[in-house]
Amino acid sequence: YMGCTFNAMSIIGGKEDGIGMINEIMPFSQTGYVLQRTVLGLVGGLLSTGITALLCMWLTPAEVLPAILLILLSAFIAALAGLFIGKLAEGLMVGIVYLKVLMILFIAPPILFYLMVPADAPLFLLTYLLPSSATFYGLMDLLAGAGTSAMNIGALLCHCVLWLGAYLGMEVLSRHRRGSRQLPGQAGSMP
C-alpha cells in the first residue's frame, strides 16, 4: 500500500504547489507521465513488501515465483490506485480521507470474505472483484503450503489491465477537456 500513498501524496502535493500546472504544459507524453509516477510508487511498494515477505514467509523454491507475481501485481495496482486518488483529490485532507477509505476497503473485506464465504460458493467468485482479495487468497494459500492458483494471479492481472486502461482513459478525457477550454481570444482570432 506504500506505493498508493506515495503516488497520491506526490500528485496532490504537486497540485498544491502548482507543479501540476507546469506538468500540464510540458512536452511530456501521457504514457511517460503514467510510467514515471507508477514506477516511483511501485519500487517502494515492491521493496517493502519483498523484504517483509522474505523475513516473514518461508517459501519453497516452487512458491517463490508465484509470490513474486502476487507482490508485483499487487504493488502495481496499489501504485495505480495512488494515481487515481492523486487525480481525484482536490486537496491534502481529501486525499488522506480517500487513502484511508481505500485502505479499509482493500484490507477488511478480503479477510471477512476469507473467513465467512466458503471457497466453493458461487458468491466467492464475486469477491475477486476486489483486487486485494486475490492477493490475500494467494498469500494465504502460500502460507498454507498449497501454492497459489492461477485464478489469483489471473484476477490480479485482469485488474492491472482494467485499472491502467481506466486511468489512461481518464487522462485522455481530462486532457481533451482542458484542450477544448479556451480563453477568450485564443481561438486564433486577431484583435
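Please refer to the structure placed before this passage.
Residues numbered from 1 in each chain as written. Predicted model: local features only at pLDDT ≥ 70, side-chain atom pairs only at ≥ 80, totals over all residues. Heavy atoms only, no water.

**Student:** Run through the overall build of the protein chain, naming residues and quoting values.
**Tutor:** The secondary structure content of the protein chain amounts to eight helices and zero strands. For the protein chain, the sequential pattern of α-helices and β-strands runs α-α-α-α-α-α-α-α. Within the protein chain, counting contacts between residues at least 6 apart in sequence, those at least 24 apart form 76% of the total. Taken as a whole, the protein chain presents about 11400 Å² of accessible surface, with 76% of it coming from carbon and sulfur. (Helix = DSSP H or I, 4+ residues; strand = E, 2+ residues; numbered from the N terminus. Contact = heavy atoms within 4.5 Å. Areas by Shrake-Rupley, 256 points an atom, 1.4 Å probe, with all protein chains shown as cover.)

**Student:** Describe in detail helix 1 (residues 2-17), supporting the description with residues and values.
**Tutor:** In this model helix 1 runs 22 Å from its N-terminal to its C-terminal C-alpha over 16 residues, within 8% of the 22 Å that 1.5 Å per residue would give. Of all the residues in helix 1, the buried ones are Gly3, Cys4, Asn7, Ala8, Ile11, Ile12 and Gly14. Viewed along the axis of helix 1, the buried residues span an arc of 155 degrees, placing them on a single side of the element. Trailing helix 1 by a residue or two, Gly18 shows a phi angle of about 90 degrees, which is positive. (Expected span 1.5 Å × (residues − 1). Buried < 20%, exposed > 50% of the residue type's maximum accessible area, 1.4 Å probe, protein only. Arc of directions from axis to C-beta.)

**Student:** Give me the environment of Val117: which residues, what numbers.
**Tutor:** Considering the arrangement of structural elements, one finds Val117 in the loop between helix 5 (92-116) and helix 6 (122-126). Beyond its immediate stretch of four places on either side in the chain, Val117 contacts Leu112, Leu123 and Phe124.

**Student:** Hey, could you go over the packing of helix 4 (residues 61-88) against helix 7 (residues 131-143) for me, with residue numbers and the actual values?
**Tutor:** At a minimum axis distance of 10 Å, the contact between helix 4 and helix 7 shows a crossing angle of 160 degrees. Classified by the angle between their axes, helix 4 and helix 7 sit roughly antiparallel to one another. In the packing of helix 4 onto helix 7, the handedness of the crossing is left-handed. Each of Glu63, Pro66, Ala67, Leu70, Ser74 and Ile77 in helix 4 lies in contact with helix 7, whose residues at this interface are Pro131, Ala134, Thr135, Gly138, Leu139 and Leu142. A breakdown of the residues in the contact of helix 4 with helix 7 according to their chemical character gives eight nonpolar, three polar and one charged. (Axes fitted to C-alpha atoms, helices over the stretch in contact; angles between N-to-C directions. Parallel < 35°, antiparallel > 145°, perpendicular 65-115°, else oblique. Left-handed = near helix turned anticlockwise from the far one by under 90°. Nonpolar A, V, L, I, M, F, W, Y, C, P; charged D, E, K, R; others polar.)

**Student:** Explain the packing of aromatic side chains to me, using residue names and the numbers behind them.
**Tutor:** Scanning the model with the defined rule gives eight aromatic pairs in all. Consider the rings of Phe84 and Trp163, whose centres lie 6.0 Å apart with planes at 85 degrees: the pair is edge-to-face. Separated by 79 residues along the polypeptide, Phe84 in helix 4 and Trp163 in helix 8 (residues 150-180) bring together distant segments of the chain. A centroid spacing of 5.9 Å and a plane angle of 90 degrees characterise the contact between Phe124 and Tyr128, whose relative ring orientation is edge-to-face. Classification of Phe124 by relative accessible area gives buried; the value is 11%. In textbook terms, an aromatic cluster arises when at least three aromatic residues are bridged by ring pairs, as seen for Tyr114, Phe124, Tyr128, Phe136 and Tyr137. (Phe/Tyr/Trp six-rings, centres within 6.5 Å; stacked < 30°, edge-to-face > 60°.)

**Student:** Describe helix 7, with residues and values.
**Tutor:** With 13 residues, helix 7 should reach 18 Å at 1.5 Å per residue; the first-to-last C-alpha distance of 19 Å fits that figure. Turning to helix 7, its buried residues number three or more, namely Pro131, Ser132, Ser133, Ala134, Thr135, Tyr137, Gly138 and Leu142. Downstream of helix 7 by a residue or two, Gly145 has a phi angle that is positive, lying close to 80 degrees.

Purely spatial values, then, with no claim about function.
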